[in-house]
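# Summary of the model geometry
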Amino acid sequence: MTTNKSSEPAMGSAIQETANTEQIIIFDTTLRDGEQSPGASMNLDEKIEVAELLDAMGVDVIEAGFPVTSEGDFEAVSAISRRVKRASVAGLARAAARDIDRCAEALRDAVRPRMHVFISTSPLHMKYKLQKEPGEVLDMISTYVGRARNRIDDIEWSAEDGTRTEIDFLCRCVEAAIKAGARTINIPDTVGYTIPEEYQALFETVRTRVPNSDQAIFSVHCHNDLGLAVANTLAGIKGGARQVECTINGLGERAGNAAMEEVVMALRVRADALAYHSNIDARMLTRASKLVSAVSSFPVQYNKAIVGRNAFAHESGIHQDGMLKNAQTYEIMTPESVGVHKTSLVMGKHSGRHAFKEKLKELGYELGENALEEAFARFKDLADRKKIVYDEDLIALVDDEIIHAHDRIKLVALTVIAGTKGPQSAALTLTIDGVEQTHQATGNGPIDAIFNAVQALVPHGAVLELYQVHAVTKGTDAQAEVSVRLSEDGKTVTARGADPDTLVASAKAYIAALNKLVVRRHKSRPDDSLAG
Ligand SMILES: CC(=O)SCCNC(=O)CCNC(=O)[C@H](O)C(C)(C)COP(=O)(O)OP(=O)(O)OC[C@H]1O[C@@H](n2cnc3c(N)ncnc32)[C@H](O)[C@@H]1OP(=O)(O)O
Ligand SMILES: CC(C)C(=O)C(=O)O
Ligand SMILES: [Mn+2]
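In this text the structure is predicted, and so the values were computed from the model without any measurement. (Residues numbered from 1 in each chain as written. Chains lettered and ligands numbered in written order. Predicted model: local features only at pLDDT ≥ 70, side-chain atom pairs only at ≥ 80, totals over all residues. Heavy atoms only, no water.)

## Re the overall build of the protein
The cut-off we apply is this: By the criteria applied, helices consist of DSSP H or I runs no shorter than four residues and strands consist of E runs no shorter than two, each listed in order from the N terminus. Using C-alpha atoms as the atom set, the radius of gyration is obtained and then compared with a globule rule of 2.2 Å times the number of residues to the power 0.38. Using a 1.4 Å probe, the Shrake-Rupley method yields the accessible areas, and only the shown protein chains count as cover for residues. Charged residues are defined here as Lys and Arg on the positive side and Asp and Glu on the negative side; His and the ends of the chain fall outside this count. Charge positions come from single atoms, namely NZ of Lys, CZ of Arg, CG of Asp or CD of Glu.
Looking only at helices and strands, one finds 16 helices and 18 strands in the protein. In terms of C-alpha radius of gyration, the protein reaches 33 Å, well past the compact-globule figure of 24 Å for 532 residues. Dimensions of the protein, computed from C-alpha atoms along their principal axes, come out at roughly 105 × 50 × 40 Å. Of the roughly 24,100 Å² of accessible surface on the protein, 50% is carried by carbon and sulfur atoms. Across the protein, the mean location of the 60 positive side-chain charges is 2 Å away from that of the 74 negative side-chain charges.

## A few points about the sheet that holds strand β5 (residues 113-120)
For the record, the criterion: Any two strands between which DSSP finds at least two bridges are classified as paired. Orientation is described by axes fitted as lines to C-alpha atoms, over the contacting stretch for helices, and by angles from 0 to 180 degrees between their N-to-C directions.
Ordered by their spatial adjacency, eight strands build a closed barrel running β2-β3-β4-β5-β6-β7-β8-β9, and the pairing between neighbours is parallel. The average undirected angle you get between the axes of adjacent strands in this sheet is 25 degrees.

## Overview of the coordination of the manganese ion (ligand 3)
We count it as follows: For Na, K and Ca the donor cutoff is 3.2 Å, while for all other metals N, O and S atoms must lie within 2.8 Å; water is not among the atoms, so some sites may look incomplete. We call a residue buried when its accessible area falls under 20% of the maximum for its residue type, exposed when it is over 50%, and partly exposed in between, using a 1.4 Å probe and counting protein chains only.
Distances from the manganese ion (ligand 3) to its protein donors, Asp 33 (OD), His 221 (NE2) and His 223 (NE2), fall within 1.9 to 2.2 Å. The sequence pattern describing where the donors of the manganese ion (ligand 3) fall on their chain is D-x187-H-x1-H. Accessibility expressed as a relative area gives 5% for His 221, which makes it buried.

## As for helix α13 (residues 369-385)
In plain terms, the rule: The span one expects for a helix is its residue count, reduced by one, times 1.5 Å. Read the arc as the range of directions from the helix axis to the C-beta atoms. The criterion used for residue contact is that any of the two residues' heavy atoms lie within 4.5 Å.
A rise of 1.5 Å per residue sets the reference length of α13, with its 17 residues, at 24 Å; its end C-alpha atoms lie 25 Å apart and thus fit the reference within 8%. Those residues of α13 that fall on the buried side of the exposure criterion are Leu 372, Ala 375, Phe 376, Phe 379, Leu 382 and Ala 383. Mapping the buried residues of α13 onto a view down its axis gives an arc of 125 degrees, with all of them on the same face. α13 presents Asn 370 and Asp 384 as exposed residues on the side facing more than 90 degrees away from its buried surface. For α13, the elements touching its buried residues are α12 (353-362) and α14 (391-404).

## Some details on the site of ligand 2
Which entries qualify depends on this criterion: Here a residue counts as near a molecule or strand whenever at least one of its heavy atoms sits within 4 Å of it. Counted as a polar contact is a pair of N or O atoms within 3.5 Å, where, for protein atoms, one must be capable of donating a hydrogen and the other of accepting one, and residues adjacent in sequence contribute only when both atoms are in side chains. Residue classes follow a fixed rule: Ala, Val, Leu, Ile, Met, Phe, Trp, Tyr, Cys and Pro count as nonpolar, while Asp, Glu, Lys and Arg count as charged, and any other residue, Gly among them, counts as polar.
By nearness alone, every residue bordering ligand 2 is listed as Arg 32, Asp 33, His 116, Ser 158, Glu 160, Asn 186, Pro 188, Thr 190, His 221 and His 223. In the environment of ligand 2, an oxygen atom lies 3.0 Å from a nitrogen or oxygen atom belonging to the side chain of Asp 33. His 221 has a polar side-chain atom sitting 3.1 Å from an oxygen atom of ligand 2. Notes on ligand 2: free accessible area 260 Å², of which the protein chains cover 94%. Looking at the shell around ligand 2, the elements that each hand over two or more residues are β6 (154-160) and β7 (184-189). Class assignment for the residues of the shell around ligand 2 results in one nonpolar, six polar and three charged.

Structural data, given as structure tokens:
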């Protein structure tokens, strides 16, 4: 489906160049926090493939894993460190000697290694999880950030559960981390608890109150427990954060992390309101989404922003009409800008004439006004009965329309009683040369009953040589395509009928074959009457 891609910018929809805006560092944690999603484990080769794609698409920091957790994680971080040449490669470590030493070892071959040390700072986490006093945690920050810094220059420190931490204590922790050598300070919303205004204010306060805060880059790391991960991420940026931690498809613990594709495109599409940019090649977002979905076995929800299969699909007639006139009426970014080949105008029961006509044109059909109206009415009827109307369905429908426009026998109605308790019966109404006639017949099965009813209404001596059914498309609501071959006086005709109801398709096919036979007969016996 081709849509009119007007170059005229619509309000708020312009995709702007990023030259004069500040850069946001994109820290991808698909391979670490993303892999913490239950059931999302990836093997080594898969992780390497994802890391290479992240590197190619312009991710600044790739968090490759948590080396102390297992041999597999250690090997993944080591292997990715050897492969990735452009992005920084990060490994996670608790505030513990073994974690830090293992992490440094795993990052040994990285061109740009980063160690990410974390410890909880909220009263709840310190008391129940770590079972440590705040003073002990403060000391651990100094000790272990310092230990990490002795091994690697680029150290990030995270205040786990930062958004539920007392602000004075948080400021003291951040100050200690910077003093011990941390270059990046991450204040995660570990449990997805914060709201945008609060998160923005948190960054503003910490940056104002901590001495030497300008020596560090502040980072956001948001979880989606309340569905606010991306909103909070953007608020954190407004509060002064310049690094965003995110994952492809929003994969991550529980409800997931902020989705990279959403953050990147929010920055691009709303560059007028948010004066920042990332270095991500957005055209690779869809590919990355598909890869991560495949390797993690996590399906992408159909209506997922940016990368969901419906993100650029339109079914409603009014929207489709708008799209055909100017794509910006219903799209705030082009599908191409995120690597989707093109907008799709999905044909369904909400579609209108403009889209139907356009779709037929694309399939190679130019119908006159009357034929188009008739085909449209039949399409609506089909769409009412079928969830998705595929191109093949439309082709079957229009071919049927074109082929049968001049038929002398037409199907009007069919009611069949079938099931275990026979005999099966069919009540069939046809128009024969414009006159409506009905007959009820029984048979050995519903198809036999239908064919007997046809035989009664249009008596003929033709022999049924073939009856065959196949599905036009997939799914239990697929159209059945029935082929029927009849022979009479040495003449053989074959015809097809399609319908989601196999019995109706059978009746159509039989009637279509009779119509062809009538045409043949007509040539030798022009005055032949059809009705029985
Ligand atoms: C918010 C996040 O995403 S944090 C990252 C979460 N990711 C993971 O947990 C990855 C997988 N984890 C694992 O494989 C294991 O938990 C390991 C290897 C890390 C540790 O395993 P174990 O030694 O068996 O400890 P376990 O996981 O049961 O408990 C965690 C221990 O670490 C301590 N701990 C937790 N966080 C930290 C921290 N940041 N710094 C120091 N100690 C910490 C806990 O207090 C607890 O200590 P305890 O044994 O003295 O009570
Ligand atoms: C390890 C940290 C950064 C984390 O994932 C979180 O707090 O959510
Ligand atoms: Mn997290």
